[in-house]
Amino acid sequence: MRRSLVFGLTIFLVVLSGTVHAREQGYAIDFLNGEGSTQGIRLAYRPFTHQVAEIPWLGKVDLYWEVSANFWEYGEQNSHQTNYAVSLSPVISKQFATLWDQYPVKWEAGIGVSLVKDRKFAGKDIGSHYQFEDRLGVKVEFGQNNTSSLALRYMHYSNGGLGSNNPGMDFLNIAYAKSF
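Note that the structure is predicted; figures quoted are calculated from it, not measured.

Parameters at a glance
Residues numbered from 1 in each chain as written. Predicted model: local features only at pLDDT ≥ 70, side-chain atom pairs only at ≥ 80, totals over all residues. Heavy atoms only, no water. Helix = DSSP H or I, 4+ residues; strand = E, 2+ residues; numbered from the N terminus. Core = buried A, V, L, I, M, F, W, Y, C linked by side-chain atoms within 4.5 Å. Buried < 20%, exposed > 50% of the residue type's maximum accessible area, 1.4 Å probe, protein only. Contact = heavy atoms within 4.5 Å. Polar contact = N/O pair within 3.5 Å; in protein donor to acceptor, adjacent residues only side chain to side chain. Phe/Tyr/Trp six-rings, centres within 6.5 Å; stacked < 30°, edge-to-face > 60°.

### As for unusual backbone geometry
Of note, the phi angle at A122 is positive, near 60 degrees, even though the residue is not glycine. Mapping A122 onto the fold places it in the loop between β8 (120–121) and β9 (124–125). For N145, which is not glycine, the phi torsion reads 60 degrees and is therefore positive. In this fold, N145 is placed in the loop between β10 (130–142) and β11 (148–158).

### Structural notes on the nonpolar core
Within the largest apolar cluster, 11 residues are counted, these being L32, W72, A85, V116, F121, A122, I126, M155, Y157, M169 and F171. Breaking this core down by element, the ones donating at least two residues are β11 and β12 (169–179). Setting aside residues up to four positions removed in sequence, I126 forms contacts with V116, D118, R119, Q131, N159, N165, N166, P167 and M169.

### So, the side chain of T38
Residue position: T38 is located in the loop between β2 (26–34) and β3 (39–46). Accessibility expressed as a relative area gives 3% for T38, which makes it buried. In this structure the side chain of T38 is engaged in a polar contact, spanning 3.0 Å, whose partner is the backbone oxygen of E35. Setting aside chain neighbours within four positions, we find T38 in contact with L32, N33, E73, Y74, F121, A122 and F171.

### Topic: the packing of aromatic side chains
For the coordinates displayed, the defined rule picks out 8 aromatic pairs. Aromatic pair F71 and Y84: ring centres 5.8 Å apart, planes at 80 degrees, arrangement edge-to-face. Linking F71 in strand β5 (residues 59–74) with Y84 in strand β6 (residues 81–99), this pair joins segments that are 13 residues apart in sequence. The class of F71 is partly exposed, set by a relative accessible area of 33%. Using a relative accessible area of 37% as the deciding quantity, one classes Y84 as partly exposed. Between Y157 and F171, the ring centres sit 5.9 Å apart and the planes meet at 85 degrees, which makes this aromatic pair edge-to-face. With a gap of 14 residues between them, Y157 in strand β11 and F171 in strand β12 connect regions that are remote in the sequence.

Spelled out as structure tokens, the structure:
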């Protein structure tokens with residue numbers, strides 16, 4: 001609950017502080033590797049990215065919204081389970097380094113909401129169809145005008161105590177994104 005409050009206040013400050021410029025829309029594709037033998041793919045659409053002029057204690061950051069569809073699979077080839085989720089997440093990204101004086105390296109963090117098709121998946125009862133989608137990652141931007149990126153992310157899905165069970169689901173993923 002406290003994480004959600006801090007994140008919500010940060011987003012509020014971002015919106016109030018104004019933007020420097022808006023970038024075009026984009027898409028992302030993530031390959032997920034989860035607990036046990038859970039694997040998946042995540043397809044995302046980013047309607048816009050704003051660069052925020054100043055946020056107290058953070059400075060200049062990028063803010064983007066991401067709408068995604070998640071496809072998860074668990075188990076052996078002949079006896080696997082599948083599950084689906086749709087998510088909406090605001091994500092804050094901040095540059096902390098540059099590779100070869102050309103490629104920005106940024107961290108990213110976000111907390112969004114998800115709607116998961118099946119509550120029982122991968123040997124767990126995740127407690128609710130409604131989940132929070134938390135992410136923490138690092139990405140490198142490259143290509144012409146740095147419109148492409150590769151990211152390594154940790155993502156966690158949890159109902160935040162809204163249901164009686166809350167074991168959560170963890171994923172490590174590699175993502176490719178492109179702005180256009």
